[in-house]
There are 2 protein chains.
Amino acid sequence: MQSPETPAGKVPPQHAPLEQFPVVDGQLQVGGQPLSRLADRVGRTPFYAYGRHQLTARVQALRAALPAGIELHYAMKANPMPVLVAHMAGLVDGIDVASGGELQVALDAGADPREISFAGPGKSEPELRQALAAGILINIESFREVDLLARLSEGTGYAARVAVRVNPDFELKSSGMKMGGGPKQFGVDAEQVPQLLQLIAAAGLGFEGFHLFAGSQNLKPDAIIEAQQKSFELALRLAESAPAPVRVLNLGGGFGIPYFPGEQRLDLAPIAANLAALQARAAQEMPGARLVIELGRYLVGEAGVYVCRVVDRKVSRGQVYLVTDGGLHHHLAASGNFGQVIRKNYPVAIGNRMGGEPEPGVSVVGPLCTPLDLLGERMALPHAEPGDLVVVFQSGAYGVSASPQNFLSHPPAAEVLV
Amino acid sequence: MQSPETPAGKVPPQHAPLEQFPVVDGQLQVGGQPLSRLADRVGRTPFYAYGRHQLTARVQALRAALPAGIELHYAMKANPMPVLVAHMAGLVDGIDVASGGELQVALDAGADPREISFAGPGKSEPELRQALAAGILINIESFREVDLLARLSEGTGYAARVAVRVNPDFELKSSGMKMGGGPKQFGVDAEQVPQLLQLIAAAGLGFEGFHLFAGSQNLKPDAIIEAQQKSFELALRLAESAPAPVRVLNLGGGFGIPYFPGEQRLDLAPIAANLAALQARAAQEMPGARLVIELGRYLVGEAGVYVCRVVDRKVSRGQVYLVTDGGLHHHLAASGNFGQVIRKNYPVAIGNRMGGEPEPGVSVVGPLCTPLDLLGERMALPHAEPGDLVVVFQSGAYGVSASPQNFLSHPPAAEVLV
């Protein structure tokens, strides 16, 4: 593996090895069958396929790596496919939802309402009413939500279970997206939390703990450790003003997965060691508090592939274009148009020609009339012809639900859990 | 209006004045009524509203500015709302579609199939069959499409009407998106077109003309003029190899609208003068050819607004956040995540407090748990409170259909034609 600072003449940075889906006789195996057969079984392309085995193995590996007793939550915004959420609900300790719509899916999926938590700025009154009726934990993000919950709880008679989402006074370094530190729309500024806690007590809302979320998609263990430590310290300080003991401390997530050339898998060992130390401190300094790690992308991202079919092979002024039936309308992130500043290639393969001799400089595009519709730019890929299957790896999170599916009125992508 | 290079201490660049929607008593008037009343009539927020009057006025103004006889096509990818397409079909000379789904909408809208054309790389076999059955003009984008159309036409007995989409040997300068020049997935490289034309003749497809589209969202008349001139010259050269006289020459579009501070409205006068000169030449050098300009965004972009409601007003570390019920899930482009390299603010207003004393540094965000969900960053806006209506102007094109509506499972945006 090369570093991104490869000197001229050396091999450019490569994608991290992807071994979650085996290859047999040149065919990627997804859901235990050759990709070509799976495509026939789905009946159409493009589609997303998520592997149950890969999802389960990921959670198991994470549990094995982290200290016993650290609770794992699935942030379903990463992938809200109902049967996938149901699968995950059987594996993790709780589900985190970000809207009333997601709450509905989580409940349908059989998640225990006691282990569902709801975060998000601008929660609507109907959403808060839903949350109260379901009996889930509501992460309060503003003074308005305290007033509104007090009124709704009194009006309905439903007890309010609340935690405080804190906008910390530090940032998660090296994070794909910063979600705390400085002014933010998320949570309540740490320095305002003592006042908020007084209001929560006065309103008779049931206080259960704190939620801190400093950022996401981080591949640097040191940055994650620092954020978790600072979050813990901050929660300890804030707990002094709390109307009840902290029962749950959500330390956020932020665990990244490798998408782009030169990126490496996150090393969990130092994170686990730090969590063990925090756990030991919590037992003394915050007795009775459960420590929760909330992860979306890390749990499901590597378990999914996006599959589309080559429709045309064009050579324009010496450059090969594989024109496919899939594109940014199904997979905006792979096109580089979802939060990325500089477009980079996701890992892409020809799923029915794995291991074939690569030809250089191949671009994979979609059927849309826009140059943004680019799934792979000048990659080294085995020779592919119409009918072949293009696979975009690392597509289990923020795929179809985070894409403008109606753009140009092409058919939607199918989704299968295999 | 200030240039983007405003010296320190001077007024920063401003948005171009937006006068398409009047203001009465501090209320923006949309569809002839105060925005607050329209919001009540729609029954929910967020919504997109498109003004019939503004759409009609835009086409009339453009026709008045351009030489008589220049045909106007509406590229419905910009806004595929069915009743809007029906409205546009009554105003323009043709509809350009980019998929089988769009074709269906155009036909439902009552567009004359003789004046519908279909462009897009990777057209599927079912789409080409649909197009043949409808009797529309198909812009051929690859050698594969010639073979496929020949086979389908023979199999079905439906005559094929075709034009050739050319990937020109020049680029549209200063364009928001380049769609021609160099290697591209769009069209057939100019140097390959003579060979393609031979195959079209041999296959018995009915040749009608050329389609050239160099780029989009251009605010520089000189660049558009240069592209149109070069396109015309190229079409003249290619026509020498054509199996039949050119009956339609689609010179593309590329007319931009002002979105960001410092951008000015496109000056049509020099473009019109150039088109008149090309028309005169066409009468001599390409007799019988109709000249077509294909526009999407330019026709509908300024006629639409996106409207959402303030749910919460938060002050975090001194910065004001208006948290709304709308966001990037409805309006990806306004969040800066659709093709923009550097995020800039769309024009935003408080629609029920127009002309109010602005407070500086106000950010408008949505309800999503991501810092990408930003509709306006540190803008000067009148003081707003929960219940007030935030308006994002210039939202008639590439709005809801180009946004990841399912992201985080919030309710969809309504759309109204008023």
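Here is what the cut-offs are and how they apply
Residues numbered from 1 in each chain as written. Chains lettered and ligands numbered in written order. Predicted model: local features only at pLDDT ≥ 70, side-chain atom pairs only at ≥ 80, totals over all residues. Heavy atoms only, no water. Helix = DSSP H or I, 4+ residues; strand = E, 2+ residues; numbered from the N terminus. Buried < 20%, exposed > 50% of the residue type's maximum accessible area, 1.4 Å probe, protein only. Salt bridge = Lys/Arg side-chain N within 4 Å of Asp/Glu carboxyl O. Least-squares fit on C-alpha atoms with pLDDT ≥ 70 in both. Contact = heavy atoms within 4.5 Å. Buried area = accessible area lost by both parts, 1.4 Å probe. Pairing = 2+ DSSP bridges. pLDDT = per-residue confidence, 0-100. Phe/Tyr/Trp six-rings, centres within 6.5 Å; stacked < 30°, edge-to-face > 60°. Lys NZ or Arg CZ within 6 Å of the ring centre and 35° of its normal. Right-handed = clockwise from strand over helix to strand, strands pointing away.

### Some remarks on unusual backbone geometry
Among all residues except glycine, the phi angle is most often negative; among peptide bonds, the trans geometry is most common. Residues and elements named next belong to chain A. Of note, the bond from Thr-45 into Pro-46 is cis; its omega dihedral lies within 30 degrees of zero at -5 degrees. If you trace the backbone, Pro-46 turns up in the loop between helix H1 (35–42) and strand S4 (47–50). If you check the backbone angles, Gln-217 has positive phi at about 50 degrees while not being a glycine. Structurally, Gln-217 can be placed in the loop between strand S13 (215–216) and helix H8 (221–239). Of the residues examined, Gln-217 reaches a relative accessible area of 15% and is grouped as buried. Phi is positive for Ser-409, close to 60 degrees, though the residue is something other than glycine. Following the sequence through the fold, Ser-409 ends up in the loop between strand S21 (389–392) and strand S22 (414–417).

### Regarding the pattern of salt bridges
With the rule as written, the count across this model stands at 38 salt bridges over all chains. Among the ionic pairs, A:Arg343 bridges to A:Glu377, the shortest N-O distance being 4.0 Å. Here the residue A:Arg343 occupies a position in the loop between strand S17 (319–324) and strand S18 (348–350), and A:Glu377 occupies one in strand S20 (residues 374–382), the gap between them amounting to 34 residues. Residue B:Glu145 pairs with B:Lys123 through a salt bridge whose shortest N-O separation is 3.0 Å. Of the two residues, B:Glu145 is situated in helix H6 (residues 143–156) and B:Lys123 in the loop between strand S7 (116–118) and helix H5 (125–134); the sequence distance between them amounts to 22 residues. On the accessibility criterion, B:Glu145 (0% relative accessible area) is buried. The network of salt bridges with common partners includes A:Lys123, A:Glu141, A:Glu145 and A:Arg165.

### Topic: the relation of the copies chain A and chain B
Rotating chain A by 180 degrees about the axis while translating it 0.0 Å along that axis superimposes it on chain B, leaving an RMSD of 0.0 Å. Taken together, the rotation angle and the small translation identify this as a two-fold axis. Residue A:Pro404 of chain A places its C-alpha closer to the rotation axis than any other residue of that unit, at 2.0 Å. Mapped onto chain B, 100% of the interface residues of chain A again fall at the interface, so both copies present the same surface.

### Details of the environment of B:Ile342
Residues and elements named next belong to chain B. Tracing the sequence through the fold places Ile-342 in the loop between strand S17 (319–324) and strand S18 (348–350). Residue classification places Ile-342 among the exposed positions, given a relative accessible area of 63%. Separated by 25 residues in sequence, Ile-342 and Arg-317 have C-alpha atoms that sit 25 Å apart.

### A few points about the interface of chain A and chain B
With 67 residues of chain A at the interface, the matching set in chain B holds 67 residues. Approximately 5200 Å² of surface area, both sides summed, lies buried where chain A meets chain B, with 58% of it carried by carbon and sulfur atoms. For the interface between chain A and chain B, the tally reads two salt bridges. Note that A:Arg317 and B:Glu191 form a salt bridge whose closest N and O atoms lie 2.8 Å from each other.

### Focus: the sheet that holds strand S2 (residues 27–30) of chain A
All names here are of chain A. Strand order in this open sheet of three strands is S1-S2-S3, and the pairing throughout is antiparallel. On the outer flanks of this sheet lie strand S1 (23–24) and strand S3 (33–34), each paired with one strand and no other. Sheet analysis places S1 next to S2, joined by two bridges and oriented antiparallel. Bridge pairing in S2 places Val-24 opposite Gln-27.

### Concerning the confidence of the model for chain A
Detailed conclusions should not be drawn from predicted coordinates in areas where pLDDT is low. In this model, chain A carries a mean pLDDT of 94, and residues with pLDDT of at least 70 account for 96%. Below a pLDDT of 50 lies the segment residues 1–6 of chain A, which in the model reaches 14 contacts outside its immediate sequence neighbourhood of four places, other chains included.

### Re the sheet that holds strand S2 (residues 27–30) of chain B
All names here are of chain B. Taken in spatial order, the three strands line up as S1-S2-S3 in an open sheet, and their pairing is antiparallel. The sheet is open, and its two borders are formed by strand S1 (23–24) and strand S3 (33–34), each paired with just one other strand. Examined bridge by bridge, S2 and S3 share two bridges and lie antiparallel to one another. Note on S3: the bridge partner recorded for Gln-29 is Pro-34.

### Concerning the packing of aromatic side chains
Summed over all chains, the structure comprises 18 aromatic pairs over all chains. Residues A:Phe255 and A:Tyr298 carry aromatic rings whose centres are separated by 5.5 Å and whose planes lie at 80 degrees to one another, so their mutual orientation is edge-to-face. Taken as a pair, A:Phe255 in the loop between strand S14 (248–250) and helix H9 (268–285) and A:Tyr298 in helix H10 (residues 297–300) lie far apart in primary sequence, 43 residues in all. A residue is classified by how much of its surface remains accessible, and A:Tyr298, at 8% relative accessible area, is buried. Their ring planes at 40 degrees and their centres at 4.9 Å tell us that B:Tyr259 and B:Tyr346 sit as a pair that is tilted. Here B:Tyr259 is found in the loop between strand S14 (248–250) and helix H9 (268–285), whereas its partner B:Tyr346 is found in the loop between S17 and S18, with 87 residues between them in sequence. For B:Tyr259, a relative accessible area of 4% puts it in the buried group. Sitting over the face of the ring of A:Tyr298, A:Arg58 holds its NZ or CZ atom 3.9 Å from the ring centroid. Positioned over the ring face of B:Phe118 is B:Lys123, at 5.6 Å from the centre of the ring.

### Some remarks on the pairing of strand S9 (residues 161–167) of chain B
Residues and elements named next belong to chain B. In terms of burial, S9 is largely enclosed, as seven of its seven residues are buried. A two-sided burial pattern is seen for S9, the buried positions comprising Arg-161, Ala-163, Arg-165 and Asn-167 on one face and Val-162, Val-164 and Val-166 on the other. Between strand S8 (residues 137–140) and its parallel partner S9, the chain crosses via H6, and the hand of that crossover is right-handed. With six bridges connecting them, S9 and strand S12 (residues 206–212) associate as parallel partners. Bridge pairing links Ala-163 to Gly-209 in S12. The sheet contact formed by S9 and strand S11 (residues 188–189) spans two bridges and is parallel. Following the sheet pairing, Val-166 is matched in S11 by Val-188.

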